[in-house]
Structure formats: C-alpha cells, structure tokens
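Spelled out, the chains give:
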There are 2 protein chains.
Amino acid sequence: MRSGFGQFCPVAVACEIFAERWTPIILRELFNGAEHFNEIHRGIPLISRPLLVKRLRELEAAGVIVREALPNGRGRYCLSEAGKEFAPLIEQLGTWGQRWTSRVERRNLDAGLLMWNLRRRIVLELLPPQRVVVRFKYGGIPAAYRGYRVFWLLLERMQVDLCVVDPGFEVDLYVTADLAAMTRVWLGDELLESALRTREIELVGKGELVKAFPSWLMLSRFAGVPRPVAAAGG
Amino acid sequence: MRSGFGQFCPVAVACEIFAERWTPIILRELFNGAEHFNEIHRGIPLISRPLLVKRLRELEAAGVIVREALPNGRGRYCLSEAGKEFAPLIEQLGTWGQRWTSRVERRNLDAGLLMWNLRRRIVLELLPPQRVVVRFKYGGIPAAYRGYRVFWLLLERMQVDLCVVDPGFEVDLYVTADLAAMTRVWLGDELLESALRTREIELVGKGELVKAFPSWLMLSRFAGVPRPVAAAGG
DNA sequence: CGGTATCCCCCGCGATACTG
DNA sequence: CAGTATCGCGGGGGATACCG
C-alpha cells in the first residue's frame, strides 16, 4: 500500500489527506470541540496512541490542523481554515451513516464512549440551579467489552463532569439501562419514552428530577436525520 | 489494521464503508458514468484488478452498488439509492482538493488518465457535423511514466473515441503539449490561452478548427471552484 | 499530560498466471 | 471482457516500555 493514488484529480488528492484510516474520526472529534491530545483520544479509545500522534502530524503537514505548544508542556490542536472546510464532509458522512447503516451492532457498543458523547450534549440551560448527581449503570454488555459500566455524571449549572469512579457525592438520580437500548435512544433509533415503557431504561429518584431528566439530553447530532422512505415491497 | 472502528457513531460507521482505500475514487468513476469493469479500471489504472474486484464486492455487500449480470457474460455496476447519496461527498472532496491542494505534482502526472477524462468532457453539441481527428502528443513526461504519450481523439457528432494507436484517419488538428501544462489547464489552474501564448501548448491545423477547439473542452468539473481568498501576509 | 522509541506480527496488497 | 487463484512482501499499525 504505497501512499497516494497517482491521480491529479482533486477528489483523489483530497482522499490522500481525508480518507486515511481514522482521519475522519479525528476530525469529527476536533469539530466536536476536542483540543488536547488525551481529549481527542478519549473520543477514539481504540486508536493506538502512536498512531494518533502520527495522524495528527500528517494533518498538520497537510495544513488541516495547527498545533500550538502551550507553555505548560501541553499541546493544543485547532482546525485551520482549510480544516474547517471539512465540516460539510463530516456532516454528510454522519447523515449517510444515520440513513443507511445499522449502527447498534454488538461490536460497536461501548458504554464509556456513549457516556463521553452524552456528556457533551447536555442542555446546560435547563439544569436546576443546584448540582445534580446522576449515576448510570449499564447491563446487557458484550462479553468482550472491557471498559467501565458504571458512571457518575455531575451536572452543574455551567459544567458537566463525567466520572468512572464514585466521586462520593450523594446520588440524586439512578439510571439503569440496557446498553443497546440506551445507544438506540442516543442515536434516535428509539424514543426514550418507549425504552422507559419496556423498562430497558429505568429512572429512579425524586419525581421532579425523573420528569426533567429527558429534557436535558440533546441526543446525537444525527438523531433527527430523516430516514429513507421505505421502497415499495421493501 | 483490523476492519472497523468499534464506534456506534454514524460518522464512524459510514467511514467503514466510504473511507476505505480507493473506494471514493471508485465511486467517483461510477458518478462519472462508468458502468463496466474495465471502464471503471481505465479511470483508476493504478489499482490492481483483484483489489478492484474486492472493493466492488464490498460496496455491493454494503448496499452501495448493485451488480447486474448481463447475458453476454458482462457485468454492470449501478449505484443504488444509498450509493447515489454519496454524490455530495464526492463533490465536497473534489471541491476541497481543488481549493487546498496542489494537484499537479510529478507523481500525479498521467497522460492516459488525462485523455481518458478529457474524452468525457467534450461538448458534443459544438462539434462540426463531419468527423474531426485530433492527435495529441505530450512532452515533459516524468521519467517513471510508462504509459502512452500519443493519442488520437475521434470527435463525431454524438460520440467521442480515444485511441492509443493510430486509427489511420487523416489528422485534422495536432495538439502538442507539455503534460504538466495541459494538466494545469484541465484543472483550471491555468488558462488555455496563457499556455498557448507561452507555447507550452501548441495547436496546428486549419484555422477554423484551431479557433474552435478550445470551446469544445469543458475541462474538469472542479476547474471553476473558487479558490480561497489569500490571507494577508500569505 | 503528551508524547517517543522499539519490536514485531499480520494482512492488505501487488504481481502474475490462469479461466469461462 | 471480466474476472479467479495463488504466492509472497512490505509496511501499517498494535503492544509495550520509556521520557520530559
């Protein structure tokens, strides 16, 4: 697999930069607001760290991202003007995936990734003034899965924190969920109300919090993408 | 490189199908109207035939293309409804490549590929009623290039044929060009008139044909994409 | 935290030859 | 024309350990 396609076509040259393995997913993380190395890596846990470094360097060399070295030894990755113009591509990839693929396969289930994404999509403005601690516990997890299955979400007025070890606060709301069901809800494949009815997802806590909880979740950016109209006979 | 990214995110799942090596380029060919195996392969000469077969099977399994077996033993590849929805992605990739990359690198120069693409972008309606035979001869070709450098284009009212061996007809118009210059013109990086002035491209033949020739060429689909506004100090 | 450095395996892929 | 079959290699990338 020698690099490059040997074609002057703009599509081919763009592919040499954009369509490398993991690259669109790295860009997705940057568009989602990730800036630091470990932040990016948390959104893509299955990429090895050396490979993530390599891809970031390649994107930098291609002028897609700019690396800023912060004084404290940290790095910071920002999309360049050219990089920002990949936004519609990520958008369309997600739209296509939402319309034409089944995403909730066992091999794709990952409770940690689900929580990491969910954390970014909380409607801060709807949260009550005082801190709310929500504990999530997942069941129905694939045998091969080696990550965490219990999480604490600390919801504060202007900030959300995700913990994988008990932060010690009193829990206000308990969420117990089948991982596949919660993933379907996140992706817009199933209504939260429906999963609550079938008890694949259960909420336990003060009535007002149980009632308000669904309104805090924005779900995946692609949850609302319209599905293809079923063809006749399909 | 085990397949898949292990993420339920629609972007990731779409990437598993779309962002494989060569796949966007195969789709580009299908959008350009290629339907048969060798037709697709002519647009992507550097892919090995077994690998092209493999990619086509993968796209078929993913529901992106449909293969029709014709009675004469030929196959025919068509984009499915899902496949057609990749159109904006190919468009965006080409647009990005046109705006942000330099495409006319030595490693990308390929006279055969240039002619094969040029052939598809002739304005049939502007051709004169009788056949016009144009002979192209390229110079300035990279030493590593092993393809043809002389071509005959048979322009007829409703059809264009490309030959790499002398078809035997009398030549009406001779085009002699530097390969890089002709590629730049094709990609919209340089005006044909400019290349004619510098004599990187020369036209020899009847005056009326020499004059009409530029109007027959539509150039690359991306030739007209607006370039980024130069940043101050760039 | 944000990377390097090293080792090594595996499989993606090209090359080549063959077939209906 | 449109593939299939087989072989062998090279390097992409995972695992692991180390560093400033």
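Not measured: the values here are computed from a predicted model.

Caption draft 1: Region of interest: the sheet that holds strand β6 (residues 173-178) of chain A. Residue and element names in this part refer to chain A. The strand order across the open sheet formed by five strands is β5-β4-β3-β6-β7, and the pairing between neighbours is mixed. The sheet is open, and its two edges are formed by β5 (159-163) and β7 (201-205), each paired on a single side. Across the sheet, the mean angle from the axis of one strand to that of its neighbour is 20 degrees, orientation sign disregarded. Along the sheet, helix α7 (residues 111-120) makes contact with β3 (132-139), β4 (150-156) and β5, crossing β4 at roughly 5 degrees. The strands touched by helix α8 (residues 179-186) within the sheet are β3, β6 and β7, with β6 carrying the most contacts at an inclination of about 100 degrees.

Caption draft 2: Representation of the interface of chain A and chain B within the structure. With 55 residues of chain A at the interface, the matching set in chain B holds 54 residues. For the chain A and chain B pair, buried surface summed over both sides reaches about 5,200 Å², with 69% attributable to carbon and sulfur atoms. Considering only the side of chain A, the residues that lose the most area to chain B are A:Phe8, A:Arg21 and A:Trp96, jointly responsible for 17% of the buried surface there. Where chain A packs against chain B, one counts four salt bridges.

Caption draft 3: How the structure looks around the domain arrangement of chain A. All names here are of chain A. The domains assigned to chain A are domain 1 (10-85) and domain 2 (106-216). On a C-alpha basis, the centres of domain 1 and domain 2 stand 28 Å from each other. Of the residues lining the interface, six residues belong to domain 1; the matching set on domain 2 comes to five residues. Summed over the three residues of domain 1 that lose the most area to domain 2, namely Asn32, Arg42 and Pro45, the buried surface amounts to 66% of that side. The tally of links from domain 1 across to domain 2 stands at one salt bridge. In this structure, Glu29 engages Arg120 in a salt bridge whose closest nitrogen and oxygen atoms are separated by 3.1 Å. Across the domain 1-domain 2 interface, the total number found is one residue pair in polar contact (both at pLDDT 80 or more). Top contributing element to the side of domain 1 that touches domain 2 by residue count: helix α3 (residues 37-43), with three residues. Here the residues of the side of domain 1 that touches domain 2 sort into one nonpolar, two polar and three charged.

Caption draft 4: Looking closely at the protein's contact with DNA strand C. Residues in close proximity to DNA strand C total 19 residues, the closest being A:Arg49, A:Arg67, A:Arg74, A:Tyr77 and B:Arg55. Here the atoms of DNA strand C within 4 Å of the protein split so that 76% fall in sugar or phosphate, with bases taking the remainder. Take B:Ser48: an N or O atom from its side chain is 3.0 Å from a phosphate oxygen of DNA strand C. At the level of elements, α3, α4 (49-61) and β2 (75-79) of chain A together with α4 (49-61) of chain B are the ones that each hand at least two residues to the surface near DNA strand C. Of all the elements, α4(A) adds the most residues to the surface near DNA strand C, at four residues. Tallied by class, the residues present in the surface near DNA strand C amount to eight nonpolar, five polar and six charged.

Calculation criteria
- Residues numbered from 1 in each chain as written.
- Chains lettered and ligands numbered in written order.
- Predicted model: local features only at pLDDT ≥ 70, side-chain atom pairs only at ≥ 80, totals over all residues.
- Heavy atoms only, no water.
- Pairing = 2+ DSSP bridges.
- Helix = DSSP H or I, 4+ residues; strand = E, 2+ residues; numbered from the N terminus.
- Axes fitted to C-alpha atoms, helices over the stretch in contact; angles between N-to-C directions.
- Contact = heavy atoms within 4.5 Å.
- Buried area = accessible area lost by both parts, 1.4 Å probe.
- Salt bridge = Lys/Arg side-chain N within 4 Å of Asp/Glu carboxyl O.
- Domains from an automatic or database assignment.
- Polar contact = N/O pair within 3.5 Å; in protein donor to acceptor, adjacent residues only side chain to side chain.
- Nonpolar A, V, L, I, M, F, W, Y, C, P; charged D, E, K, R; others polar.
- Near = heavy atom within 4 Å.

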